[in-house]
Amino acid sequence: MRQAAALLGLALLSGLFSGCDEPPRLREERIQVFGTWVDLALWGVDDATAARAIRVIQGDLGDLHTRWHAWQPGELTRINAALAAGESVDVADSMRPVLERARTLSLRSGDLFNPAIGRLVALWGFHADAPAKRVPPPAEAIDALVAAVPKMGDLAFDGSRLLSRNPAVQLDLGAFAKGYGVDIAIGRLQDLGIRDAMVNAGGDLRVLGRRGDRDWRVGIRAPAGGLLAAVEIADGESVFTSGTYERQFEHAGTRYHHIIDPRTGYPARGLSSVTVIGRDGAEADAAATALLVAGRDWPRTARALGVTAVLAIDEQGALQATPGMADRLQFLDQSPPALGIVPLPEI
Ligand code: AMP
Ligand code: MG
């Protein structure tokens, strides 16, 4: 398999945000959380407000990271242990809307975005900080988990208690945690009266307002490295990418990545990366994962999820975009790559 196409939304050339010719109105701050860096770019914010924003966001995201961790002990592992035992479990007030949100998005994606397949992700060895497992799991074990059909629809609340009708359900919120976290951070900035900002979690990001007298501009990395294109992002919009290259291992000449197709139990095939421009970060994050899983059939899933701006790169490196994305891509190269325009189907 060829090198997985690398595509990441990233803050366009950090030089854009720093450097000697930078007006003093832009502040950049980095915090480490989610096992990645979260960059905050704040426009026209005074020192005290910036310091407060950083403190609050660091606290919020750190808390979310602990509570939602799929394998380090926290609220999610406690819930998962109970679900596996077929027991109902008390869920924190803050967790209920998260799970309900995840369930709605899962349903709308035809369960391609399926946070109930934690067991499959673990079976593939991706529930580890540095995955030790370097061989694919036995086919029978994969087939048994697929046959159990774990899905978010198996979950039901009775007051604050959560119960699963299906003991195969194990929650893994990894496919929309960043989006949810970025939304929380954006909400905090708004609460502090900050109107112009970008929250960038390792290339997945959302913006508020503008960067001075122009829109925020972010880059999309080319499959072979370097920048492929830039896009301007309007107030409240987010950009999320799912890429097979983010976590993977190689065995006997085949690469196995971390985004699992719940229909087969194997790493999704067809696409190397999907970038979605949306508004709500959690939704865009879930959508990027769902479309990556959908593979070549991604336009149908995009339509079902109401996503209109998509860039997909297939395993051969070919680019496809919806008209809503193609209109916005500003290719940086003199000779831009071929881009297939894919209108969304009627359903
Ligand atoms: P993302 O990078 O947002 O696409 O999220 C990928 C992560 O979500 C993986 O590392 C798994 O923890 C989890 N995951 C894998 N496959 C799926 C899936 N089909 N639906 C939901 N979450 C998934
Ligand atoms: Mg995602």
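In case you missed it, the structure is sitting above this.
Residues numbered from 1 in each chain as written. Chains lettered and ligands numbered in written order. Predicted model: local features only at pLDDT ≥ 70, side-chain atom pairs only at ≥ 80, totals over all residues. Heavy atoms only, no water.

Taken together, 18 residues surround ligand 1, and among them Asn-114, Asp-172, Ser-242, Ile-260 and Thr-289 come closest. In the environment of ligand 1, an oxygen atom lies 2.6 Å from a nitrogen or oxygen atom belonging to the side chain of Asp-172. The side chain of Asp-285 places a nitrogen or oxygen atom 3.1 Å from an oxygen atom of ligand 1. Taking 500 Å² as the accessible area of ligand 1 by itself, protein coverage stands at 92%. Take the shell around ligand 1: its biggest share by element is 3 residues, from helix H7 (residues 281-294). In terms of residue class, the shell around ligand 1 is built from 10 nonpolar, 5 polar and 3 charged. Formed jointly, the shell around ligand 1 draws a minimum of three residues from each of two domains, domain 1 (4-54 + 178-341) and domain 2 (67-175). (Near = heavy atom within 4 Å. Polar contact = N/O pair within 3.5 Å; in protein donor to acceptor, adjacent residues only side chain to side chain. Areas by Shrake-Rupley, 256 points an atom, 1.4 Å probe, with all protein chains shown as cover. Helix = DSSP H or I, 4+ residues; strand = E, 2+ residues; numbered from the N terminus. Nonpolar A, V, L, I, M, F, W, Y, C, P; charged D, E, K, R; others polar. Domains from an automatic or database assignment.)

Turning next to the packing of H7 against helix H8 (residues 298-305). For the pair H7 and H8, interaxial distance at closest approach is 8 Å and the crossing angle is 150°. Taken as axis vectors, H7 and H8 run roughly antiparallel relative to one another. The handedness of the crossing between H7 and H8 comes out as right-handed. Between H7 and H8, the contacting residues are Ala-287, Ala-290, Leu-291 and Ala-294 on the first element and Trp-298, Thr-301, Ala-302 and Leu-305 on the second. Here the residues of the contact of H7 with H8 sort into 7 nonpolar, 1 polar and no charged. (Axes fitted to C-alpha atoms, helices over the stretch in contact; angles between N-to-C directions. Parallel < 35°, antiparallel > 145°, perpendicular 65-115°, else oblique. Left-handed = near helix turned anticlockwise from the far one by under 90°. Contact = heavy atoms within 4.5 Å.)

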